[in-house]
Amino acid sequence: MRLDYKKMKYIRPIATIAAALALIAPLSACGGQAAGAGSGSTIITVGENTKNNRPYNYVNENGQIDGYEAALLKKIDEKLPQYTFRYKQMDWANTLVSLDSGKTDIAASSLSLSSERKQKYAYAETPDAIVNQRLVVAKNNNTLKSVDDLGNKRVIVWQGTDVNTYLEDWNKKHPDNPAKLQLGDWSWEQAVASVDNGTADAMILDDAFTKMLRDTYGDKIKSVGKPVITDSTYLLVNKTKPQLAKDINSALKALQKDGTLDNLSQKYLGHKYDSKE
């Protein structure tokens, strides 16, 4: 076979262009740069837990991600022109799994900051929210008035949460009369129904969650007593991106100063940002 050298001279430039395009394509993945982003900005992938996480992150009637953290992340993105945020919906378990594997850069799931998480992740030191959690019982239950009454009671618990840790510690302090922890990945409907029909006695919930459940399912449950846990929630960042965490922290401070955190907290959570009552 005879080679046509006139045609072959075009092969190398075409191959070179193809190779260049292959190198550019992966930049649209987590942490890269891509068309459609701000000029020279870095793509940041945010994993948002939209399952059982209203009013923090949820899908609204228009099919869009909405909620307190969702709105806050958009405000943070506006403050940081060096980044362009892209959002992925996921459930509770995958929010941290995706952050661990590097599939996402930020985890948003109204997350508390345990000592383990402090070691494992970078994070903005300014909390994205301050939450009060109280004992929640059936509307006609007048015997359970505080956590002191939880001995031998069946308590709904979402595994891996700060409430899970709190109640395990509570049981260690009350070995003769521990609470019966019903651990699981409860749906809101299941949790409300169980407390309402008496197959569970109580749960401990963020005030914003309790309000949402009463709005959704009616006044089948009520919160009682003073806050059991007053905690802060944080946006967790992949450990390999400490500068991103610092930049988010700066944005949160600015949003706190200009009143945005108060406004969003009042709108979605029903109280001012720094409320501890």
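Numbers given to residues run from 1 along each chain, matching the order in which its sequence is written. Local features in this predicted model are restricted to residues of pLDDT 70 or higher, and side-chain atom pairs are both shown and tallied only at a pLDDT of 80 or more, whereas totals for entire chains, interfaces and linings draw on every residue. Side-chain metrics in this entry use all non-hydrogen atoms of the structure; hydrogen atoms and water are not considered.

Asks: Looking at this model, I keep getting lost on the environment of alanine 251. Mind explaining?
Replies: Secondary structure elements follow DSSP: runs of H or I of four or more residues count as helices, runs of E of two or more count as strands, with numbering from the N terminus. Tracing the backbone shows alanine 251 in helix H9 (residues 242-257). Along the sequence, alanine 251 and lysine 75 sit 176 residues apart, while their C-alpha atoms lie 8.4 Å from each other. Whether two residues are in contact is decided by their heavy atoms, any of which lying within 4.5 Å being enough. Dropping the residues within four chain positions of it, alanine 251 is found in contact with Ile76, Lys79 and Leu80.

Asks: Sorry, what's going on with the pattern of salt bridges here?
Replies: Side chains that differ in sign of charge can pair as their charged atoms come close. The working definition used for a salt bridge is a side-chain nitrogen of Lys or Arg within 4 Å of a carboxyl oxygen of Asp or Glu. Taken as a whole and assessed by the stated rule, the structure comprises eight salt bridges. A salt bridge links lysine 51 to aspartate 185, with the nearest nitrogen and oxygen atoms 3.6 Å apart. Residue lysine 51 is found in the loop between strand S1 (42-49) and strand S2 (58-59), and its partner aspartate 185 is found in the loop between strand S9 (180-184) and helix H7 (188-197); the two are separated by 134 residues along the sequence. The buried label goes to any residue with under 20% of its type's maximum accessible area, the exposed label to any with over 50%, and the partly exposed label to all in between, with areas taken from a 1.4 Å probe on protein chains only. On the accessibility criterion, aspartate 185 (55% relative accessible area) is exposed. Here aspartate 201 makes a salt bridge to arginine 154, at a shortest N to O gap of 3.1 Å. One end of the pair, aspartate 201, is in the loop between H7 and strand S10 (202-206); the other, arginine 154, is in strand S8 (residues 154-158), with 47 residues separating them in the sequence. We classify arginine 154 as partly exposed; its relative accessible area is 29%.

Asks: Looking at this structure, how should I read the side chain of threonine 50?
Replies: Following the sequence through the fold, threonine 50 ends up in the loop between S1 and S2. Judged by relative accessible area, which is 18%, threonine 50 ranks as buried. Sequence-distant contacts of threonine 50, defined by excluding residues within four places in its chain, comprise Asn57, Tyr58, Val59, Ile65, Gln89 and Met90.

Asks: I'm lost on the layout of surface pockets in this one. Help?
Replies: When its volume is computed, the largest pocket comes out at roughly 550 Å³. Definitions used throughout: a 1 Å grid over protein atoms alone; a cavity as a set of points that fits a 1.4 Å probe which cannot get out; a pocket as an open set with protein on both sides within 12 Å along at least five of seven lines; a lining residue as one with an atom within 4 Å of a point. Forming the walls of the largest pocket are 30 residues, and the residues nearest its centre are Trp92, Ser110, Trp158, Thr161 and Phe209. For the lining of the largest pocket, the secondary-structure elements that each account for two or more residues are strand S5 (106-111), strand S7 (129-138), helix H6 (162-173), S10 and strand S11 (221-237). In terms of residue class, the lining of the largest pocket is made up of ten nonpolar, 13 polar and seven charged. Grid points are joined across faces, edges and corners, and a volume is the space filled by probe spheres set on the points. In this structure, the second largest pocket spans a volume of roughly 360 Å³. In terms of lining, the second largest pocket is formed by 17 residues, of which the most central are Ser114, Arg117, Gly160, Thr161 and Thr165. At the level of elements, helix H4 (92-101), helix H5 (115-120), H6 and S11 are the ones that each hand at least two residues to the lining of the second largest pocket. Any residue outside Ala, Val, Leu, Ile, Met, Phe, Trp, Tyr, Cys, Pro, Asp, Glu, Lys and Arg is labelled polar, Gly included; the first ten of those are nonpolar and the last four are charged. Taken together, the residues of the lining of the second largest pocket break down into five nonpolar, five polar and seven charged.

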